[in-house]
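Spelled out from the first residue to the last, the chains are:
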Amino acid sequence: NAGVTQTPKFQVLKTGQSMTLQCAQDMNHEYMSWYRQDPGMGLRLIHYSVGAGITDQGEVPNGYNVSRSTTEDFPLRLLSAAPSQTSVYFCASSVDPNYEQYFGPGTRLTVT
Amino acid sequence: AQSVAQPEDQVNVAEGNPLTVKCTYSVSGNPYLFWYVQYPNRGLQFLLKYITGDNLVKGSYGFEAEFNKSQTSFHLKKPSALVSDSALYFCAVRDGGDFNKFYFGSGTKLNVKP
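Residues numbered from 1 in each chain as written. Chains lettered and ligands numbered in written order. Predicted model: local features only at pLDDT ≥ 70, side-chain atom pairs only at ≥ 80, totals over all residues. Heavy atoms only, no water.

A. Geometry of the interface of chain B and chain A. Taken together, the contact between chain B and chain A spans 23 residues of the former and 23 residues of the latter. Between chain B and chain A, a total of about 1700 Å² is buried, with carbon and sulfur atoms accounting for 53% of that surface. Taken together, the connections running from chain B to chain A amount to one salt bridge. When the shortest N-O distance is used, the salt bridge between K49 of chain B and E100 of chain A registers 3.9 Å. Viewed at the interface, chain A and chain B are joined by six residue pairs in polar contact (both at pLDDT 80 or more). Mapped onto the side of chain B that touches chain A, the elements with two or more residues apiece are strand 5 (33–38), strand 6 (44–50), strand 10 (87–94) and strand 11 (102–104) of chain B. Its residues assigned to classes, the side of chain B that touches chain A shows 12 nonpolar, six polar and five charged. (Contact = heavy atoms within 4.5 Å. Buried area = accessible area lost by both parts, 1.4 Å probe. Salt bridge = Lys/Arg side-chain N within 4 Å of Asp/Glu carboxyl O. Polar contact = N/O pair within 3.5 Å; in protein donor to acceptor, adjacent residues only side chain to side chain. Helix = DSSP H or I, 4+ residues; strand = E, 2+ residues; numbered from the N terminus. Nonpolar A, V, L, I, M, F, W, Y, C, P; charged D, E, K, R; others polar.)

Structure representation (structure tokens):
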């Protein structure tokens, strides 16, 4: 049981490039979410999903897209990277929002 | 608007002493509150939650939290700190209107000195 996995662990992008952060969970959780963590600001919700085919925006969705084609996978796409998107990104999952979330190890992204 | 405040960036405590990490919240409706801990270069780990019931909630690793509705607070406590408790602690609240959204505090770094 691997829990929540994220790839890559580190990534450096140039401004304007696009990329996809991968997230997968093997716990059959319906609820999945993406957060960004910035110093002094805690975690902020980017997008979330309550099941395959259902996604919605969180607090800071601009510049990011998501899709949920399977229960297991919830990739986050950066359409055109900007330096303001330099951050640590965490994916999380839970049975449903009433329960605790399980977090992945994070992806540290730097945009130059 | 929903929000969580952790007024202390850092808390220092000696090993064996009690510790408190403070959290206040603002949410419409009944609050669902959580505490998470983050060790260096790791994801967050769940400690405990309050949904309803007793105001004193017990969680993992000997931590507990006290819910106070009148003061809109949910402080994390432990009777006797360990050096291994040194980490970053986050309080979180579920959105009172959209139950699928969560708001996290800015985090409090706990330093436990031997």
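Moving on, there is more to tell.
B. View of the pairing of strand 8 (residues 64–68) of chain B. Residues and elements named next belong to chain B. Bridge count for strand 7 (residues 56–58) against strand 8 is three bridges, and the pairing is antiparallel. Bridging from a neighbouring strand, V57 pairs with A65 of strand 8. With antiparallel pairing between neighbouring strands as the criterion, strand 7 and strand 8 make up a hairpin whose turn holds five residues, including Y61 at a positive phi of roughly 55 degrees. Taken together, the five bridges between strand 8 and strand 9 (residues 73–78) define a ladder with antiparallel strand orientation. Each bridged residue has a counterpart across the sheet, and for E64 the counterpart in strand 9 is K77. The turn linking strand 8 back onto strand 9 is made up of four residues, and T72 within it adopts a positive phi angle of 45 degrees. (Pairing = 2+ DSSP bridges.)

C. The arrangement of the nonpolar core in detail. Formed by 28 residues in total, the largest nonpolar core has its most connected members in W35, L47, L48, F74, L76 and Y89 of chain B. Counting residues per element, the ones that place at least two in this core are strand 2 (10–14), strand 3 (19–21), strand 5, strand 6, strand 8, strand 9, strand 10 and strand 12 (108–113) of chain B. The element best represented in this core is strand 10 of chain B, accounting for four residues. Formed by 19 residues, the second largest nonpolar core is a distinct cluster that contains L21, I46, A81 and V111 of chain A. (Core = buried A, V, L, I, M, F, W, Y, C linked by side-chain atoms within 4.5 Å. Buried < 20%, exposed > 50% of the residue type's maximum accessible area, 1.4 Å probe, protein only.)

D. How the structure looks around the pattern of salt bridges. Inspection of every chain in the model, using the stated rule, returns six salt bridges over all chains. Between D85 of chain B and K78 of chain B there is a salt bridge; the shortest N-O distance is 2.8 Å. An identical accessibility class is assigned to D85 of chain B and K78 of chain B; each is buried. If you follow the salt bridges from partner to partner, you end up with R36, D38 and R44 of chain A in one network.

E. Structural context of unusual backbone geometry. Each neighbour pair has its own omega, and for T7 of chain A with P8 of chain A the value is -5 degrees, a cis peptide bond. With respect to the helices and strands, P8 of chain A occurs in the loop between strand 1 (4–7) and strand 2 (10–13). Located in the positive-phi region is N41 of chain B, a residue other than glycine, with phi close to 60 degrees. A relative accessible area of 72% means that N41 of chain B is categorised as exposed.

Limitation: the analysis is restricted to geometry and does not speak to function.
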